[in-house]
Amino acid sequence: MTALVQPPPTVQQVYVLAGEVHVATDPTRFSTVLGSCVAVCLYDTSLGVGGINHVQMPDLPPRDVGSPEELTRWAIPGTQRLIDRLVELGSSPSSLRAKLFGGACISASRVPEPMRIGSQNVRSVLSVLHASGIRIGNSSTGGNIGVKVLFDSHSGSVWVKKLIPHTRAPQS
Amino acid sequence: MTQQAPLKVLVVDDSPSQREYIKLLLADQGFVLLEAGNGREALQLVRRHHPDVILMDIEMPEMDGFEASSELRTSNLTAGIPIIMVSARSDEQNMENAFLGGCNDYISKPIHKMDMLNKIYSLTGRPLV
């Protein structure tokens, strides 16, 4: 893991909210904070383009939802939209690389794995990436800790900060 | 097969209309719904009723969501109760602080019913109905 480098002032910095999809042709540092949500960092270093999403829910919406912004809250349309936008910029699935983050289950109780929304989000995202033939690089999903992700669109570099709770020890 | 007790969900928000809206979204789930107008009221209700999950706003008078969550995490009796932060302030620093303060997940306003239900059921280990 490389040390976090502050981007030069010319690099745009964009905070990504839940349900959003962003792509960039100019060097951009994206950041997002994830619990059970999942972010796909997708990039093509040969073109210097990249993008990110932040999906909240697995699979597809139960029925038609209104706006495209609403639709991308779900993992399958949210990931497909990210791929489509980078292809529109001239990339192709075979030259794209993906890194995945998030999908945690931060619960004190023993939640069976299939019921964890984070695990379901990861599975849904992977199904779209695999179907598109996109190769997957170093990723970190699951676990029981929220994370902050920083992603440089032009290089594909990612830094992950674990958000370990700093609460005092419980008292009886 | 034994029937599970209905989930007790505590809704904490200083806006009565927002509490009503959340209760409306959850009305068809068979939950026992409790409500509090700030963090201090929430702490009292948690100690009395021990809810299964808490939906916690961030900005509130008297005691905000961060402070209330931090208090809940300091007692063995309440440290394990899942807290879902619900806030319009889904900016970077607030979300970081929510996780660092011990919350389990967050929902950004405007609230999407399916997102809220997915997180409630996932964190409590109950199947989505």
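See the structure shown above.
The model shown is predicted, which means the values in this text are computed figures rather than measured ones. (Residues numbered from 1 in each chain as written. Chains lettered and ligands numbered in written order. Predicted model: local features only at pLDDT ≥ 70, side-chain atom pairs only at ≥ 80, totals over all residues. Heavy atoms only, no water.)

Visitor: Please explain the packing of helix H2 (residues 39–49) of chain B against helix H3 (residues 65–72) of chain B as it appears in this structure.
Guide: Axis angle and axis distance: for two packed helices, these are the angle between their axes and the distance between the axes, and together they describe the pair. Residue and element names in this part refer to chain B. Two elements in contact, H2 and H3, have axes separated by 9 Å at closest approach and are oriented at 25 degrees. In terms of axis orientation, H2 runs roughly parallel to H3. The handedness of the crossing between H2 and H3 comes out as right-handed. Contacts between H2 and H3 involve Gly39, Leu43 and Val46 on the former and, on the latter, Ala68, Glu71 and Leu72. Grouping the amino acids of the contact of H2 with H3 by side-chain chemistry returns 4 nonpolar, 1 polar and 1 charged. (Axes fitted to C-alpha atoms, helices over the stretch in contact; angles between N-to-C directions. Helix = DSSP H or I, 4+ residues; strand = E, 2+ residues; numbered from the N terminus. Parallel < 35°, antiparallel > 145°, perpendicular 65-115°, else oblique. Left-handed = near helix turned anticlockwise from the far one by under 90°. Contact = heavy atoms within 4.5 Å. Nonpolar A, V, L, I, M, F, W, Y, C, P; charged D, E, K, R; others polar.)

Visitor: Which parts of the structure should I look at to understand the sheet that holds strand E9 (residues 146–152) of chain A?
Guide: One key point about sheets: their strands pair by backbone hydrogen bonds, in either a parallel or an antiparallel sense. Reading across the sheet, the 4 strands line up as E1-E3-E9-E10 (chain A) and stay open at both edges, with mixed pairing between neighbours. Strand pairing shows two members of the sheet lacking a second neighbour, strand E1 (12–15) and strand E10 (158–163) of chain A, which therefore form its edges. Sheet twist, expressed as the mean angle between neighbouring strand axes with direction ignored, is 15 degrees. As paired elements, E1 of chain A and strand E3 (residues 28–34) of chain A share 4 bridges and run parallel to each other. Residue pairing in the sheet places Val14 of chain A in a bridge with Phe30 of chain A of E3 of chain A. Strands E1, E3, E9 and E10 of chain A of the sheet are contacted by helix H4 (residues 92–100) of chain B, whose axis makes an angle of about 35 degrees with E3 of chain A. (Pairing = 2+ DSSP bridges.)

Visitor: Explain the packing of aromatic side chains to me, please; I cannot follow it from the model alone.
Guide: How two aromatic rings sit relative to each other is set out by the distance from centre to centre and by the angle between their planes. For the structure on display, the rule yields 4 aromatic pairs over all chains. Measuring from ring centre to ring centre gives 5.7 Å for Phe31 of chain B and Tyr121 of chain B, while their planes differ by 50 degrees; the resulting arrangement is tilted. Linking Phe31 of chain B in the loop between helix H1 (16–26) and strand E2 (32–36) with Tyr121 of chain B in helix H5 (residues 113–124), this pair joins segments that are 90 residues apart in sequence. Given a relative accessible area of 12%, Phe31 of chain B falls into the buried group. Aromatic side chains Phe99 of chain B and Tyr106 of chain B sit 5.9 Å apart centroid to centroid with 70 degrees between the ring planes, which places their arrangement in the edge-to-face category. Neither residue differs from the other here; Phe99 of chain B and Tyr106 of chain B are each classed as buried. Put simply, the rings of Phe30, Tyr43 and Phe151 of chain A touch in pairs and so form one group of aromatic residues. Here Lys119 of chain B stacks its cationic end above the ring of Tyr106 of chain B, 5.9 Å away from the centre of that ring. (Phe/Tyr/Trp six-rings, centres within 6.5 Å; stacked < 30°, edge-to-face > 60°. Buried < 20%, exposed > 50% of the residue type's maximum accessible area, 1.4 Å probe, protein only. Lys NZ or Arg CZ within 6 Å of the ring centre and 35° of its normal.)

Visitor: Explanation requested: the sheet that holds strand E1 (residues 8–12) of chain B in the structure shown.
Guide: All names here are of chain B. Read from one edge of the open sheet, 5 strands run E2-E1-E3-E4-E5, paired in parallel fashion. Unpaired on one side and paired on the other, E2 and strand E5 (105–108) mark the two borders of the sheet. Taken over all neighbouring pairs, the strand axes of this sheet differ in orientation by 20 degrees on average, direction set aside. As judged from the 4 bridges shared by strand E3 (residues 53–57) and strand E4 (residues 83–87), these two strands associate in the parallel manner. Along E4, the bridge assignment pairs Ile54 with Ile83. Sitting on the sheet, H2 is in contact with E1, E2 and E3, with an inclination near 170 degrees to E1.

Just geometry here; none of it tells us what the structure is for.
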